[in-house]
Amino acid sequence: MSLARRPLHSGIAILALGLPLIVCAQSSSTMSHAHGEHAMSMATMPSVRVVDPYVRLVPATAPASAAFFVLHNDSHDARRLVRVDSSAAKTVELHNHINDNGVMKMRPVKDIEIPAMGEATLKPGSYHVMLIDLKVPLKEGGSVPLTLVFDDGSVQKIDAPVRNITAMDMPAHGGMKP
């Protein structure tokens, strides 16, 4: 009788030992799957962060304004801002100010480079986003929707608050021409 039970006990022992392995293997698979989803969500997170966006308040009759922000690139690859769209303006362009023989001039640019693990600052007197032919007057405390498009195909939608920028906030240009 003990011989007859021995195979049964052995079978139960093998089954009992094998069950945790199956559970562990399934948990490991589930954990790997969950980790894979986390890794995927981490991979789809934008590598460029938009910090302190704002749009300059202009008089209600002004046809254009500008948007400013800092772009932080958290990846090991350089990135480029290649386009910005906004429903607030008929035309949206990337611009820079250049010094042309002592005269500051504003010029459209194809893109704005954001160095790997670095940043690009869009500010008055430098790189900025021009909002041309505003569709509605801007209001202090309001916001302007901006859609930023990067060279890697990533897109970020932000709402940039409208701020009243005083002359003291602006760099001295002396003779700036559009």
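Our structure's up above, just so we're on the same page.
What counts, and where the lines are drawn
Within any chain, residue numbers begin from 1 and follow the written order of that chain's sequence. Local features are withheld for residues below a pLDDT of 70 in this predicted model, meaning they are given only at 70 or higher, and side-chain atom pairs are given and counted only at 80 or more; totals for whole chains, interfaces and linings count all residues. Hydrogens and water are ignored here; the side-chain numbers use all heavy atoms of the structure. Secondary structure elements follow DSSP: runs of H or I no shorter than four residues count as helices, runs of E no shorter than two count as strands, and numbering proceeds from the N terminus. Residue contacts are counted whenever heavy atoms from the two residues lie within 4.5 Å of one another. In protein, a polar contact means a hydrogen-donor-capable atom and an acceptor-capable atom, both N or O and within 3.5 Å, with residues adjacent in sequence counting only if both atoms are side-chain atoms; elsewhere, any N or O pair within 3.5 Å suffices. Residues belong to a common nonpolar core when they are buried Ala, Val, Leu, Ile, Met, Phe, Trp, Tyr or Cys residues joined through side-chain atoms within 4.5 Å. Relative accessibility decides the category of a residue: with a 1.4 Å probe and only protein chains considered, values under 20% of the type maximum give buried, values over 50% give exposed, and everything between is partly exposed. A strand pair is defined by DSSP finding two or more bridges across the two strands.

Quick look at the environment of aspartate 152
- Examined against the element boundaries, aspartate 152 turns out to sit in the loop between strand E9 (143-150) and strand E10 (155-163).
- Separated by 71 residues in sequence, aspartate 152 and leucine 81 place their C-alpha atoms 9.3 Å apart.
- Sequence-distant contacts of aspartate 152, that is, excluding residues within four places in its chain, are made with Ser47 and Arg79.
- A polar side-chain atom of aspartate 152 sits 2.7 Å from a polar atom in the side chain of serine 154.

Observations concerning the nonpolar core
- Counting residues in hydrophobic clusters, the biggest one holds 28 residues, and the most contacted among them are Phe69, Leu71, Leu81, Val129, Leu131, Leu146 and Leu148.
- Sort the elements by how many residues they give to this core and E9 lands first, with four residues.
- Sequence-distant contacts of leucine 131, defined by excluding residues within four places in its chain, comprise Val55, Pro63, Ala64, Ser65, Ser86, Ala89, Thr91, Val92, Val144 and Leu146.
- Counting residues in each nonpolar core, the second largest holds six residues, with Tyr54, Ala66, Met106 and Met130 among its members.

Remarks on the pairing of strand E3 (residues 79-85)
- Bridge count for E3 against strand E6 (residues 112-114) is three bridges, and the pairing is antiparallel. For arginine 80, the partnering residue across the bridge sits in E6 and is glutamate 113.

Brief notes about unusual backbone geometry
- Although it is not a glycine, aspartate 52 adopts a positive phi angle of roughly 50°.
- Here aspartate 52 is to be found in strand E1 (residues 48-56).
- In this structure, asparagine 101 is a non-glycine residue whose phi angle is positive, near 55°.
- When you line up the elements, asparagine 101 lands in the loop between strand E4 (89-100) and strand E5 (103-108).

Just geometry here; none of it tells us what the structure is for.
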